[in-house]
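Spelled out from the first residue to the last, the chains are:
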Amino acid sequence: MSALIVIDVQNDFCPGGNLAVPTGDAVVAQINAMMPAFDAVILTQDWHPGDHSSFASQHAGKAPMEQIQMPYGPQVLWPDHCVQGSDGASFHPDLNLDRADMILRKGYRRLIDSYSAFFENDHTTPTGLDGYLRSRGIKDLTLVGLAFDFCVAFSAVDAARLGYNVTVLRDATRAIDFDGSARAAQIAMQADGVTLI
Ligand code: VGL
Ligand code: ZN
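The structure displayed is predicted, hence computed values, not measured ones.

(A) View of helix α4 (residues 181–191). Every buried residue belonging to α4 is among Ala182, Ala185 and Met189, and all of these are buried. Across the axial projection of α4, the buried residues extend over an arc of 60 degrees, all falling on one side. Exposed and facing more than 90 degrees away from the buried side of α4 are Arg183, Ile187, Gln190 and Ala191. Packing partners of the buried residues in α4 comprise α3 (148–161), β7 (165–174) and β8 (195–196). Gly193 lies just past α4 and shows a positive phi near 85 degrees.

Structure below.
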């Protein structure tokens, strides 16, 4: 059984959004076209409270893209983005939502970020996706969406470590590419056996 996991194709990650990924919206048509080929389609949605601790605005004297130490490890500080219920948190208007079996929200706890669709950034708090996939007998995952070097990469690495067969379709992703993050993400995924096409 196969699933297409569509990571965070939301307005804030598209041009004009608060954390825009260059040409992020260009992945939408390709992702829609891929959906019929999979047994299951799962969409993830970055979904932060307005005072989320990953926002630079919550840390006096800090600017977006600076790094801080959180109790669970290093954390990049972001511009406010994907605030629960905002237009920025909505899926891109052209993304086909009808085909989705499940929409998984993540990053909703104020004190911890969640790049991965499987675990929050402490790498231990589960989102529930592993249980969902397991109970449906899904073992083959193809990941697409935004951003290649953060939520796609963290999800792919966690999935591979959990034992799934993981493919990332690079063409249907876009990177933030901040401070070498795209290359680092690629190396990390390959080290854990993720297939990059
Ligand atoms: C993401 C940074 C912050 C992503 C989410 O979807 O890649 N990146 N929140
Ligand atoms: Zn986020």
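(B) Region of interest: the nonpolar core. Core analysis: the biggest nonpolar cluster contains 51 residues, and Val6, Ala147 and Ala156 have the highest contact counts within it. Where this core is concerned, the elements lending two or more residues are β1 (2–7), α1 (28–34), β2 (40–46), α2 (129–135), β6 (140–146), α3, β7 and α4. The element contributing the most residues to this core is α3, with 10 residues. Setting aside residues no more than four positions away along its own chain, Ala147 makes contact with Phe13, Val21, Val152, Arg174, Ala175 and Ile176.

Reading the values: rules and limits
- Residues numbered from 1 in each chain as written.
- Chains lettered and ligands numbered in written order.
- Predicted model: local features only at pLDDT ≥ 70, side-chain atom pairs only at ≥ 80, totals over all residues.
- Buried ≥ 20, exposed ≤ 12 C-beta atoms within 10 Å, placed from the backbone.
- Helix = DSSP H or I, 4+ residues; strand = E, 2+ residues; numbered from the N terminus.
- Arc of directions from axis to C-beta.
- Contact = placed C-beta atoms within 7 Å.
- Core = buried A, V, L, I, M, F, W, Y, C linked by C-beta atoms within 7 Å.

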